[in-house]
Amino acid sequence: MIRELAVCVFLVSAVSAITEQQCNAMPSHVKFDCPNGDVPCIFARYVCDGVKDCSDGYDENQDAGSHCTEAKQLENCQNDYISKSLPYFQCGDKMCIGAEQKCDGTTDCLDGSDEASC
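Residues numbered from 1 in each chain as written. Predicted model: local features only at pLDDT ≥ 70, side-chain atom pairs only at ≥ 80, totals over all residues. Heavy atoms only, no water.

Moving on: the confidence of the model for the protein chain. Mean pLDDT over the protein chain stands at 76; residues scoring 70 or higher make up 80%. For the protein chain, per-element mean pLDDT is lowest for helix α1 (residues 2-16), which scores 38, and highest for strand β4 (residues 88-90), which scores 88. Low pLDDT (under 50) marks residues 1-15, which in the prediction has four contacts with non-local residues, meaning those over four places away or in another chain. (pLDDT = per-residue confidence, 0-100. Helix = DSSP H or I, 4+ residues; strand = E, 2+ residues; numbered from the N terminus. Contact = heavy atoms within 4.5 Å.)

Time to look at the state of the cysteines. Under the counting rule described, the total for this entry stands at four disulfides. The side chain of C103 participates in a disulfide bridge whose partner is C118; the two sulfur atoms lie 2.0 Å from each other. Its S-S torsion of approximately -85° makes the covalent link between C103 and C118 left-handed. Taken together, the positions of C103 in the segment after β5 (96-98) and C118 in the segment after β5 put the pair 15 residues apart, joining distant regions of the chain. Given a relative accessible area of 37%, C103 falls into the partly exposed group. Of the residues examined, C118 reaches a relative accessible area of 61% and is grouped as exposed. (Disulfide = S-S within 2.5 Å. Buried < 20%, exposed > 50% of the residue type's maximum accessible area, 1.4 Å probe, protein only.)

Our next topic: unusual backbone geometry. Phi at S85 takes a positive value of approximately 55°, unusual for a residue other than glycine. Within the element layout of this structure, S85 appears in the loop between α3 (70-80) and β4. According to the relative accessible area criterion, S85 is exposed, its value standing at 67%.

Further remarks concern the environment of H29. Within the fold, H29 resides in the loop between α2 (20-25) and β2 (31-33). For the pair H29 and R45, spaced 16 residues apart in the sequence, the C-alpha separation amounts to 9.9 Å.

Moving on to the nonpolar core. If you look at the biggest cluster of nonpolar residues, it comprises nine residues: F32, C34, V39, I42, Y46, V47, C48, C54 and C68. Counting five residues, the second largest nonpolar core, distinct from the first, contains F89, C91, M95 and C109. (Core = buried A, V, L, I, M, F, W, Y, C linked by side-chain atoms within 4.5 Å.)

With respect to the helices and strands, the residue T107 is situated in the segment after β5. The contacts of T107, once residues within four sequence positions are left out, are G112, D114 and E115.

This part is about the side chain of S113. Along the chain, the position of S113 falls in the segment after β5. Among the polar contacts listed, one links the side chain of S113 to the side chain of D111, at a separation of 2.8 Å. (Polar contact = N/O pair within 3.5 Å; in protein donor to acceptor, adjacent residues only side chain to side chain.)

Next comes the structure, spelled out in structure tokens:
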């Protein structure tokens, strides 16, 4: 189980992180710069999605700036669940997760609301 989880984490990181050379060649509207750490930037669609893709978690930090806003979280819900007619749960902080992740014994929402009142 741990090995499978490590493989999944690696695959997610490999998909979302790009090299500095790729980063420099990309238009600014499709990338998000990570100011610290070993990841120069990530694809903009991974900002505020509940997964820390920048090595310091800057892409998920609502206090660091306006990039992780309620509007961005609602946009992610729309793109990931609503437009595909998939059941979802909206966390107290407006992030969305799959409905099957609510009350499954694992905290998926950054604010823990998916495991509250279960």
